[in-house]
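# Coordinates in review
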Amino acid sequence: DPSRDITALAMTRGAYSAGTSSLFIGASDDPFIGGVATPKLFRLDNPTGVATTAVPVDITGGSFPAGGFISSIAVSPVSDDVVLVTFSNYGVTSVFYTADANSGAPTWTAVEGGLTLPSYRSSAIADTGAGGLQFFVGTSAGLYNAPAAGFPGAPVWTQEGPTTIGNAVVSS
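Reference entry: report on the structure contained in this document. Think of each chain on its own: its residues are numbered from 1, step by step along the sequence as written. Only residues with pLDDT of at least 70 are given local features in this predicted model, and only at 80 or more are side-chain atom pairs given and counted; all residues enter the totals for whole chains, interfaces and linings. As a rule here, side-chain values come from all non-hydrogen atoms in the structure, and water together with hydrogens is ignored.

The next thing to look at is the overall build of the protein chain. Counting from the N terminus, the helices are the DSSP runs of H or I reaching at least four residues and the strands are the DSSP runs of E reaching at least two. Helices and strands together make up the secondary structure of the protein chain, namely one helix and 12 strands. Of the regular secondary structure in the protein chain, the N- to C-terminal order runs β-β-α-β-β-β-β-β-β-β-β-β-β. As defined in this context, the radius of gyration uses C-alpha atoms, and a globule is described by 2.2 Å times the residue total to the power 0.38. Radius of gyration (C-alpha) of the protein chain: 16 Å, near the 16 Å computed for a compact globule of 172 residues. When its C-alpha atoms are laid out on the principal axes, the protein chain stretches across 50 × 45 × 25 Å. Using a 1.4 Å probe on the protein chains alone, a residue whose accessible area is under 20% of its type maximum counts as buried, one over 50% counts as exposed, and one in between counts as partly exposed. In the protein chain, which comprises 172 residues, the share counted as buried stands at 45%.

As C-alpha cells, this is what we get:
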C-alpha cells in the first residue's frame, strides 16, 4: 500500500528456521492522505523463503493508539511469541506487550504502568539466563527496565544508570 510508511522493523533472533522465523513490520498510514495516521503491525513468516505475492499477517492490537507512530519493536531472544512495541507519540499509551505474537490475533496488553514519559524511542528484550527476561525502553528521559515477573500485569519500570545515563535521550 503506497499510503503506508514503514516505521520500525524487527527480526526473530537465533538460528534461521523457515518454520519459526519472522519479520515484524511497524507501519502507519500517511496522515497527509487519510488525515490521521493509523498504526499497523504486521508479521511476515519465513521472510527469506516467502513468495513475492505473500501478504503479511496483520497482528495490530485493537488498543494501539489512534494516530500512533510505532517507534520500535523488540522480539524476545527466547521466544518469538514475546514482543514489545513502543509508540513515540505524546499523550498516548506507549508500550504494549504480547506473549502470543505468532497467533492470528495476538492479545496485546498496555504495560506502560506508571512510566508515563513524554516520548518512547526504542525497546529491547534481553535474556538474563535460565529463560529469564528483562525488558528495556529507551525514552526522551533516559533508559528504563522491568523484569519479566511484572508482565503482562503491572511491570515496575526502574531507571537505568540515573547518575551516568541520567535523563539523556535513548533512541537505540
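Across soluble globular proteins, nonpolar side chains have a tendency to be buried as a group. Working definition of a nonpolar core: buried Ala, Val, Leu, Ile, Met, Phe, Trp, Tyr and Cys residues. They are joined through side-chain atoms within 4.5 Å. Ranked by internal contacts, the top residues of the largest apolar core, which has 16 residues, are Leu84, Phe135, Val137, Phe151 and Trp157. Here this core gets three residues from one element, more than from any other, and that element is strand β10 (residues 132–139). Once residues lying within four places of it in the same chain are set aside, the contact partners of Val137 are Leu84, Thr86, Val95, Leu115, Tyr120, Ser122, Ser123, Gly142, Leu143, Tyr144 and Trp157. Any two residues whose heavy atoms approach within 4.5 Å at even a single point are treated as in contact.

Looking now at the sheet that holds strand β8 (residues 109–110). At least two bridges found by DSSP between two strands are what make those strands a pair. The strand order β5-β6-β7-β8 describes an open sheet built from four strands, whose pairing is antiparallel. Every interior strand has two partners, whereas the edge strands, β5 (70–75) and β8, have only one. Relative to strand β6 (residues 83–87), β5 runs antiparallel, the two sharing five bridges. Note on β6: the bridge partner recorded for Ile70 is Phe87.

In this structure, Gln134 sits in strand β10. Owing to a relative accessible area of 16%, Gln134 belongs among the buried residues under this scheme. Side chain to side chain, Gln134 and Asn145 meet in a polar contact 2.5 Å long. Once you skip the residues sitting within four places of it in the chain, Gln134 turns out to touch Ala124, Ile125, Ala126, Thr128, Asn145, Ala146 and Pro147. By the criterion applied in these results, polar contacts are pairs of N or O atoms within 3.5 Å in which, for protein atoms, one can donate a hydrogen and the other can accept it, and in which residues neighboring in sequence qualify only through two side-chain atoms.

Here the focus is the sheet that holds strand β12 (residues 158–159). Read from one edge to the other, the open sheet built from four strands follows the order β9-β10-β11-β12, with strand pairing classed as antiparallel. Single-partner strands in this sheet number two, and they are β9 (120–129) and β12. Summarising the sheet, β9 and β10 pair through eight bridges and their orientation is antiparallel. Residue pairing across strands places Ser123 opposite Val137, the latter belonging to β10.

Attention now goes to the packing of aromatic side chains. Aromatic ring pairs are defined here through the distance separating the ring centres and the angle between the ring planes. Stacked, tilted and edge-to-face pairs are distinguished by plane angle, under 30 degrees for stacked and over 60 for edge-to-face with tilted covering the rest, among Phe, Tyr and Trp rings (Trp via its six-membered ring) whose centres lie within 6.5 Å. Across all of its chains, the model carries eight aromatic pairs by this definition. Ring plane angle 80° and centroid distance 5.7 Å describe the contact between Phe87 and Phe96, whose orientation is recorded as edge-to-face. Assigned by exposure class, Phe87 and Phe96 land together as buried. For the pair Tyr97 and Phe135, a centre-to-centre distance of 5.8 Å together with 75° between the ring planes defines the contact as edge-to-face. Taken as a pair, Tyr97 in strand β7 (residues 95–98) and Phe135 in strand β10 lie far apart in primary sequence, 38 residues in all.

This paragraph deals with the side chain of Ser72. Its place among the elements puts Ser72 in strand β5. Within polar-contact distance, the side chain of Ser72 engages the side chain of Ser123 at 2.7 Å. Apart from residues lying up to four places away in sequence, Ser72 is in contact with Ala8, Leu84, Val85, Thr86, Arg121, Ser122 and Ser123.

Turning to the pairing of strand β11 (residues 142–147), a few remarks are in order. Burial runs high along β11: five of the six residues are buried. Where β10 and β11 come together, six bridges link them in antiparallel fashion. Bridge pairing in β11 links Val137 to Tyr144. With antiparallel pairing between neighbouring strands as the criterion, β10 and β11 make up a hairpin whose turn holds two residues. Sheet topology places β11 next to β12; two bridges connect them, and they run antiparallel. By the bridge assignment for β12, Tyr144 is matched with Gln159.

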